[in-house]
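Structural overview
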Amino acid sequence: MKGIHKVVVGTKYLKYEFELRRNLTIIRGDSATGKTTLVDMIRTHMNDGENGPVTLNCDKDCYVVEGNLWKGQLDNIQDSIVFIDEGNEFVKTKDFARAIQQTDNYYVIVTREGLSALPYSVEEVYGIRTSGKYGSLKQSYHSFYRIYPDSTTENIKPEKILTEDSNSGYQFFDAICKEHQMQCDTANGKSNVFSYLKAHRNEKILVIADGAAFGPEMDRVLQLVQTRENLALYLPESFEWLVLSSGILKDTEIAQILQTPSDYIDSKEYFSWERYFTALLTEKTAGTYLNYTKKTLNEAYLRDGVKNAILGQMQKVELK
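Residue positions within a chain follow its written sequence, with the count starting from 1. Residue-level local features of this predicted model are given only where pLDDT is at least 70; pairs of side-chain atoms are given and counted only at 80 or more, and the full residue set underlies all totals for whole chains, interfaces and linings. Water and hydrogen atoms play no part in the side-chain values, which are based on all heavy atoms of the structure.

A closer look at the pattern of salt bridges
- Here, a salt bridge means any Lys or Arg side-chain nitrogen found within 4 Å of an Asp or Glu carboxyl oxygen. The tally for this structure, following the rule as stated, stands at 25 salt bridges.
- In this structure, Asp-40 and Arg-43 form a salt bridge, with 2.7 Å as the shortest nitrogen-oxygen distance. Of the two residues, Asp-40 and Arg-43 are both situated in helix H1 (residues 35-48); the distance of 3 residues between them amounts to about one turn of the helix.
- The cut-offs for exposure are 20% and 50% of the maximum accessible area for each residue type, with area from a 1.4 Å probe on protein chains only; residues under the lower value are buried, those over the upper are exposed, and the others partly exposed. Looking at Asp-40, the relative accessible area reads 32%, which means it is partly exposed.
- Lys-71 serves as the salt-bridge partner of Asp-95, at 2.7 Å between the closest nitrogen and oxygen. Pair noted here: Asp-95 is in helix H3 (residues 94-100) and Lys-71 is in helix H2 (residues 70-75), with a separation of 24 residues, a long-range link.
- For Asp-95, a relative accessible area of 29% gives the class partly exposed.
- Judged by its relative accessible area of 41%, Lys-71 falls in the partly exposed class. Strands are runs of DSSP state E lasting at least two residues, helices are runs of H or I lasting at least four, and both sets are numbered from the N terminus onward.

Now the structure itself:
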């Protein structure tokens, strides 16, 4: 499945209206905010159909999956939107993550905890906002750009940069840091970012991570950022997205894709947008001097013109 899909579900007294644009959407929030009510309404419509009390308008079928028989239920669902309420412990497992990879469904998961096995975007974590009798989804994390620890507009001047992994993105920023007599470290995985920041509490650190898959870590890392003036986040979709957005590749198709990624990224083929942008950059640079590989950075990306174009996309980030 690809594209943006609008869901309007309601009864005589209550209505939800929202859009889904990726394969994984997370709904967060405290009790009595309407999360379970939303899933209950989807379930009621699934069981009672058009003759029941719930109306549902969507270009895709909607289902609720729950309980110990979740695997069997998923086997019978294709090209649909699947809702899962909190309390279903299977969503935390690697077994579930494996099961939904390469399926052509979108998944809406209600949870109060980070789901470390799933690569969901910081852009697709929502709370439910209620206005009168009508509920709608409101983004809890609404930007993949740097999130400041408070409302200040001043740029942080970091003592070091922390990247989530040791691949080409880290190698790029490590080279940049060396030019400016700064240190660049890798957390060797997004799940290690929090513990690294806890251990380096007195340093001014800019965290650069892939926003397309950093959702599970966002809550606890953001809590640190909000309580410490020496931390900042920069969360592009991925390093590959940053390169593609820089304009160094003169390709009209890339420009079109970046405008509406949802129209191009098939959930059955790519479990996260980060994977898609890696594949796209690899394909578009194959056989050129900018030939890209995930594991080892091509030195061409450190040439002044290319390097400056990439850094130019990092709005409000000053590495000097």
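Description of the packing of helix H4 (residues 168-179) against helix H10 (residues 304-311)
- Axis lines are fitted to C-alpha atoms, over the contacting stretch for helices. Their N-to-C directions set the angle, which ranges from 0 to 180 degrees. In contact at an axis separation of 12 Å, H4 and H10 are set at 100° when each is read in the N-to-C sense. With respect to H10, the axis of H4 lies roughly perpendicular. Listed contacts from H10 to Phe-172, Phe-173, Ile-176 and Glu-179 of H4 are Lys-307, Ile-310 and Leu-311.
- Partitioned by chemical class, the residues of the contact of H4 with H10 number 5 nonpolar, no polar and 2 charged. Put simply, angles under 35 degrees are roughly parallel, angles over 145 are roughly antiparallel, angles from 65 to 115 are roughly perpendicular, and the rest are oblique. Note on contacts: a residue pair is in contact if any heavy atoms of the two residues lie within 4.5 Å. Polarity classes work like this: nonpolar for Ala, Val, Leu, Ile, Met, Phe, Trp, Tyr, Cys and Pro, charged for Asp, Glu, Lys and Arg, and polar for all others, with Gly in that last group.

Looking at helix H9 (residues 273-285)
- Given the number of residues in a helix, its expected span is that number minus one, multiplied by 1.5 Å. Between the first and last C-alpha of H9 there are 18 Å, a value that for 13 residues agrees with the 18 Å anticipated at 1.5 Å per step.
- Among all positions in H9, only Trp-273, Glu-274, Tyr-276, Phe-277, Thr-278, Leu-280, Leu-281 and Thr-285 are buried.
- For H9, the elements touching its buried residues are helix H7 (239-245) and helix H8 (252-259).
- Phi for Gly-287, located one or two positions after H9, is positive at around 80°.

Considering H4
- With 12 residues, H4 should cover 16 Å at 1.5 Å per step; its first-to-last C-alpha distance of 17 Å lies within 8% of that length.
- Burial within H4 is extensive, with 9 of its 12 residues counted as buried.
- Taken together, the buried positions of H4 are occupied by Ser-168, Gly-169, Tyr-170, Phe-172, Phe-173, Asp-174, Ala-175, Ile-176 and Cys-177.
- Tucked into the core, H4 has its buried residues touching strand S10 (160-163), strand S11 (183-186), strand S12 (205-208), H7 and H10.

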